[in-house]
Amino acid sequence: MQPSPSVPRWLGWLVAGAMLGCGTDAGTQATDSAALEDVDPVDVHLDVPPSDLGGGQTDLGGQDAGDTNLGAGDADGPEADGAPAGDVADGVDAAEVVDVGEPDTVDASDETADETAGDAEIVEDADAVEVADDAELAETIDAEGDADVSDGVGGDADTEDADSAAPPADIAGDATATGLPATATIIDIDALPAPQPGPFDPTKLPPAPFADVSADFGFDPYTVHGACVGVGDFDNDDDDDFLVIQVNKTKATIHAVLLGPQGPQHVYTPFDTTLLLPTTGCSMADMNNDGKLDLLVGGHAGAALYLGDGKGGFADASAAWLPYIMDFATLTIAPVDLDGDGDLDIMVGAGITPVTADGGGPPCGTIVCDYQQNDFICKLQYPFPESPASLQDRVLIQGANLPMSDETTAWQVPPGGIWSNVLPLDVDMDGKMDILVGDDFGTHRLLHNVGGKFANYTTDIGFHSYGHAMGWGVGDFDANGKPDLIMADAGPTPLYLQRPAKSGLPALFEDIGNVIGVWAPSWTASSWSPVVADFDQDGMDDIMLGVSISTTLSAFPPTAAGCYGQPGKPYDGHPNVDVLFLSQGGLPMTAYHFPTGPYSHFALVTQVPLDLDGDGDLDLVQTRPNVGMTSAVRIVRNDIPIKGNWFRVRLTGKKGNMDAVGARVTANIGGVLRTRWLVGTGGTGGTRLRLAHFGLAGASIATDVTVHWPDGTKTVLGTVAAGATAKATWP
């Protein structure tokens, strides 16, 4: 997580060499704490000596293991042959979906120059009201009245009377239908007490009310896959679909699952592995502007692009689109319009995966790990025999002619760590897409887009000086319209709340992971690919944290160093329980655990949310650790018994960026500003939703629903009813 940039740690050396059958040769056990004495404990959160960390467990809200029931057998879900649309879990009254009528529009002459109606389909009879800027809304609904105001695209926001942003009288809706309140409360995070930092065994948490339905979708949990889950509407039927990639030694197959009322349909496409074995990193985007989603995928010999056919099949177009020479491994890959010309470029998170013959990582004795203060760090005892090019993150720019051009030098991209996870996000909302980079063996940083090049920010904007980053999640935990960040880590997971920026800086962050409740269950865990979404639809952001291995305070350091368990199998016997954090109408969050997976490893977890069964809530598709440092697929259905209402906004972009990558959607829900960011990727090897999903709690409508397009224009949708899917097209 934090201290010295000279201190690496081996976490998550999954990948291709392993796919071909790799492992570790365990040697003499060695966890030499003295070897860490030269590490400077920079940026430690709270001054608690290591001897105090093993004592007590942090109480996460007095949870009782009997409070929830994972096997909610009476919850509606997909049958083995697929689920009919509209099934809803028991305990939730289905909100009536209002038919979409003719598009209501707002006269652009009544808006400012950057606010247009665009082509929007909204709920019939909904009032298309002029929306306050999201920062104004955040200010007017903040009880303290001290929100930092900006207009979301870099200009100055006009102030507005609080009454003008207040929800109408009927915002309460039918609270009895959901059992949740119809109005929201803004949580004063600064007023929350900071618990004594320390570990809590996640296996002692109550079970998460999600059900494993992998078999219902035709997946054998022991089949080998790469670290990729792609999500999007592959067949343009308004139902999101997903894909994974099967890997069998030197062969690979793209396996697309088309969802809809007819049940899951499976489409298989052979992958040409002559030049690339697709083991790490993937994302979906319509790169060639034909209205069909395409697949970007990485591996240890560069990257590949497969163009979609609109039916779940794909065809290789790598030679036409990508540079001929790719002297790097692609561990994460993200579509993003960096140069602001309207088409999609690519940001590559590069690195290496140092594995030995049987896939286990460096032998015992070559790495030492231990806790320093409130952090977990490791130090490698020998250098990686890799060229600097392997560690260089890349910028690929799409110009007037193909193939794309490697413009890494021009953009002044700093060298990466061992494993880079990239998240495109306009952090300061100045209209230019920035890049967040988290390294497993390096400093996590913000590459601020200053026009044709990046400015590099690290600890000066509040990030810790060293991290074991395994993916980013983005949300808005204090409801001020500014993006907050969670970064998966080894040991206590940081949650960065965005604070008002200091003069000369693009942003400023503070780690509130301890206060909000995410540190304790991740204290002795290797965490991956965080997802921020409203799983219980109470109008507040929740967090899903993938965990590849979790153990005890004393066992975690030698396990991370490969010095625990049987020779060649140092990770066997440990649980790998994912942790779900629900806001449940307040903070700190309440944590729940998922069942352990079949294998424990420091290999990765990839996960993405989508609605699998058509009931409106968000389920999950994952790839998880499998034998030999490969991945297995797990699909889980959301059976949370009491959920609020919901609505969605589906976006259509325009030529060059058909998926509107980089857009955000804001809404006034129960008097509180809520925001969803549509980003190119974020976790290790996954795709984030192109669909903005909002929980409503007990409210029947959201007001002031607005789409903020990447070029600064806006589409005002106004009021959207519960259960509706509003649509907007980039004007």
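Rules used in this analysis
Residues numbered from 1 in each chain as written. Predicted model: local features only at pLDDT ≥ 70, side-chain atom pairs only at ≥ 80, totals over all residues. Heavy atoms only, no water. Buried < 20%, exposed > 50% of the residue type's maximum accessible area, 1.4 Å probe, protein only. Helix = DSSP H or I, 4+ residues; strand = E, 2+ residues; numbered from the N terminus. Pairing = 2+ DSSP bridges. Contact = heavy atoms within 4.5 Å. Axes fitted to C-alpha atoms, helices over the stretch in contact; angles between N-to-C directions. Phe/Tyr/Trp six-rings, centres within 6.5 Å; stacked < 30°, edge-to-face > 60°. Lys NZ or Arg CZ within 6 Å of the ring centre and 35° of its normal. Disulfide = S-S within 2.5 Å. Salt bridge = Lys/Arg side-chain N within 4 Å of Asp/Glu carboxyl O.

Trainee: How would you explain the pairing of strand β17 (residues 394-397) if you had to name every residue and give the values?
Mentor: Burial along β17 is two-sided: R394 and L396 and V395 and I397, pointing in opposite directions, are all buried. Two strands pair when backbone bridges link them, and strand β13 (residues 345-351) and β17 are joined in this way by three bridges, in the antiparallel orientation. Looking across to β17, one finds that I346 is bridged to L396. Of the strand pairs in this sheet, β17 and strand β18 (residues 405-406) are connected by two bridges, and their pairing is antiparallel. Along β18, the bridge assignment pairs L396 with D406.

Trainee: Any chance you could break down the environment of V577 for me, citing the residues and the numbers?
Mentor: One can find V577 in the loop between α6 (556-560) and β29 (579-582). When the C-alpha positions of V577 and L545 are compared, they lie 9.4 Å apart, and in sequence the two are 32 residues distant. Residue contacts for V577: discarding those within four places in its chain leaves P202, T203, V547, H593, F594, P595 and T596.

Trainee: Help me get a handle on the sheet that holds strand β7 (residues 265-271), residues and values and all.
Mentor: Here four strands make up an open sheet; going across it, the order is β4-β5-β6-β7 and the pairing antiparallel. The outermost strands of the open sheet, each flanked by one partner alone, are β4 (230-232) and β7. Across this sheet, the average inter-strand angle for adjacent strands is 20°, counted without regard to direction.

Trainee: Quick rundown of the packing of aromatic side chains? Include the residues and the values.
Mentor: Applying the stated criterion across every chain, the model contains 18 aromatic pairs. Considering the side-chain rings of F463 and Y496, the 4.9 Å spacing of their centres and the 55° angle between planes classify their relative orientation as tilted. You can see F463 sitting in the loop between β22 (454-457) and β23 (472-475) and its partner Y496 sitting in strand β25 (residues 495-499), a full 33 residues away along the chain. Across this residue pair, the class does not change: F463 and Y496 are buried. Seen from their ring centres, Y496 and F509 are 6.4 Å apart, and the 75° between their planes marks the pair as edge-to-face. Here Y496, found in strand β25, pairs with F509, found in strand β26 (residues 508-511); they are 13 residues apart in sequence, far enough to count as distant. No difference in accessibility class separates Y496 from F509, as the two residues are buried. Taken together, the ring pairs in this structure connect Y371, F376, W519, W523 and F556 into an aromatic cluster. One residue, R676, lies across the ring of F694, its end atom 5.3 Å from the ring centre.

Trainee: Summarise the state of the cysteines; cite the residues concerned and give the values.
Mentor: In a disulfide, the sulfur atoms of two cysteines are covalently bonded to one another. Summed over the entire model, instances satisfying the criterion amount to three disulfides. Put simply, C228 and C282 are joined by a disulfide, and their sulfur atoms are 2.2 Å apart. Measuring the twist about the S-S bond at about 90°, one finds the C228-C282 disulfide to be right-handed. Of the two residues, C228 sits in the loop between β3 (210-212) and β4 while C282 sits in strand β8 (residues 280-285), which places them 54 residues apart along the sequence. Considered together, C228 and C282 belong to a single accessibility category, that of buried residues. A disulfide bridge connects C369 with C378, and the sulfur atoms are separated by 2.0 Å.

Trainee: Tell me about the pattern of salt bridges, and please be specific about residues and values.
Mentor: Inspection of every chain in the model, using the stated rule, returns 17 salt bridges. D238 is the salt-bridge partner of K727, the closest N and O atoms lying 2.6 Å from each other. Taken as a pair, K727 in strand β40 (residues 725-729) and D238 in the loop between β4 and β5 (241-248) lie far apart in primary sequence, 489 residues in all. Between D327 and R394 there is a salt bridge whose closest N-O contact spans 3.2 Å. Here D327, found in the loop between α4 (318-321) and β12 (329-336), pairs with R394, found in strand β17; they are 67 residues apart in sequence, far enough to count as distant. Look at D327 and you get partly exposed, because its relative accessible area is 42%. In the salt-bridge network here, residues are joined through shared partners; they are D190, R499 and E510.

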